[in-house]
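# Results of the structural survey
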Amino acid sequence: MNNLSFSELCCLFCCPPCPGKIASKLAFLPPDPTYTLMCDESGSRWTLHLSERADWQYSSREKDAIECFMTRTCKGNRIACMFVRCSPNAKYTLLFSHGNAVDLGQMSSFYIGLGSRINCNIFSYDYSGYGASSGKPTEKNLYADIDAAWVALRTRYGIRPENVIIYGQSIGTVPSVDLAARYESAAVILHSPLTSGMRVAFPDTKKTYCFDAFPK
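Residues numbered from 1 in each chain as written. Predicted model: local features only at pLDDT ≥ 70, side-chain atom pairs only at ≥ 80, totals over all residues. Heavy atoms only, no water.

### Some points on the sheet that holds strand β4 (residues 78-84)
Operational definition: At least two bridges found by DSSP between two strands is the condition for calling them paired. Secondary structure elements follow DSSP: runs of H or I no shorter than four residues count as helices, runs of E no shorter than two count as strands, and numbering proceeds from the N terminus. Lines are fitted to the C-alpha atoms to define the axes, a helix being fitted only along its stretch in contact, and any angle between axes, read from their N-to-C directions, falls within 0 to 180 degrees. It only takes one pair of heavy atoms within 4.5 Å for two residues to be counted as in contact.
Across the sheet, six strands lie side by side as β3-β4-β6-β5-β7-β8; this open sheet has mixed pairing. Among the strands making up the open sheet, the edge pair consists of β3 (66-72) and β8 (187-191). Strand after strand, the sheet turns through a mean of 20° between neighbouring axes, direction not considered. Alignment of strand β5 (residues 93-97) against strand β6 (residues 121-125), held across four bridges, turns out to be parallel. Note that in β6 the partner of L94 across the bridge is I122. Of the strands in this sheet, β3, β4, β5, β6 and β7 (164-169) are in contact with helix α4 (residues 104-118), which crosses β4 at around 30°. Those strands touched by helix α6 (residues 173-180) are β5, β6, β7 and β8, and its axis lies near 145° from that of β7.

Right, here's the structure in full:
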């Protein structure tokens, strides 16, 4: 069984007997929120407030280039979205799915720096249960989250698929691959991709089991 003992398998995959819950325990590590979103009286404009834990590295001028809002997924959760205008002449926009232990507040400075260096705007979102997003982080919610982000990027900003680069980092590679398999885009970038949920716990696993999560 590829160095997996019977007791290890039972402990990990029989209690609870649900791959989605197993994946949630192994793959999702949402931090305490590092930001809040405040909506004005009209309900159309959201203001981003970063905590000290967000470690913002720029001035208020760069922060003004960030637009945040909430959108709803097909699973009924409301997820936080962030559009970072790094360049007025940017041809491409990165649809960025971040790693498992950060939220939009912590990533905001990174997005400013990255987009400015590569002359791209960046659109990102928080998974269900992360940051200001409602719900819980699960595999099914992950797919619904990126679908909602894709729709928001296309409809709210009118960005065409041929100008979108799908970028996934760590756990973010899971929804990125799923989205890329269903929609055309300019390119796909996978940064430290996962091979499956089970391989997160047991990297030497060679086979893909029927109860595994996030298989690729």
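Alright, that's what it looks like, and here's the rest.
### A look at the nonpolar core
The cut-off we apply is this: The criterion is simple. A nonpolar core is a set of buried Ala, Val, Leu, Ile, Met, Phe, Trp, Tyr and Cys residues joined through side-chain atoms within 4.5 Å. Three exposure classes are used, based on accessible area relative to the maximum for each residue type with a 1.4 Å probe and protein chains only: buried under 20%, partly exposed in between, and exposed over 50%.
Grouped together as the largest cluster of nonpolar side chains are 48 residues, with contacts concentrated most on L95 and F123. By residue number, the principal contributor to this core is helix α5 (residues 139-157), which donates eight residues. Other than its neighbours up to four places away in sequence, L95 contacts F123, Y125, I146, A149, W150, L153, V164, I165, I166, Y167 and L179.

### Focus: the pattern of salt bridges
Any two side chains of opposite charge can pair, on the condition that their charged atoms come close. To keep it simple, the criterion reads: Criterion for a salt bridge: a side-chain nitrogen of Lys or Arg within 4 Å of a carboxyl oxygen of Asp or Glu.
Within the structure shown, the criterion is met by four salt bridges. For R156, the salt bridge is made with E67, and the minimal N-O distance between the two is 3.1 Å. One end of the pair, R156, is in helix α5; the other, E67, is in strand β3, with 89 residues separating them in the sequence. A relative accessible area of 40% means that R156 is categorised as partly exposed. The class of E67 is partly exposed, set by a relative accessible area of 27%. One salt bridge connects R160 with E162, and the closest N-O pair in it is separated by 3.5 Å. Residue class for R160 comes out partly exposed when judged on its relative accessible area of 49%. Among the ionic contacts, a cluster of salt bridges with common partners joins D147, D178 and R182.

### Description of the packing of aromatic side chains
Using the following cut-off: Centres within 6.5 Å are what make two rings of Phe, Tyr or Trp a pair, Trp counting through its six-membered ring; a difference in plane orientation under 30 degrees is then read as stacked, over 60 as edge-to-face, and the rest as tilted. Lysine NZ or arginine CZ positioned within 6 Å of the ring centre and within 35 degrees of the ring normal marks a charge as sitting over the ring.
This model, assessed by the stated rule, comprises 13 aromatic pairs. By the ring-pair criterion, three or more aromatic residues cluster together here, those being F69, F83, F123 and Y157. Over the ring of F69 we find R156, and its NZ or CZ is 3.9 Å from the ring centre.

### Section: unusual backbone geometry
You will see that N119, though not glycine, has its phi angle at about 60°, which is positive. Its location among the elements puts N119 in the loop between α4 and β6. N119 sits in the partly exposed class, given a relative accessible area of 40%. The backbone of S170 sits at a positive phi, close to 55°, despite the residue not being glycine. Tracing the backbone shows S170 in the loop between β7 and α6. Given the relative accessible area of 22%, S170 is considered partly exposed.

### Let's talk about α6
Residues T173, V174, P175, S176 and L179 constitute the buried set of α6. Those residues of α6 hidden inside the fold are in contact with β5, β6, α5, β7 and β8.

Geometric values such as these leave the question of function open.
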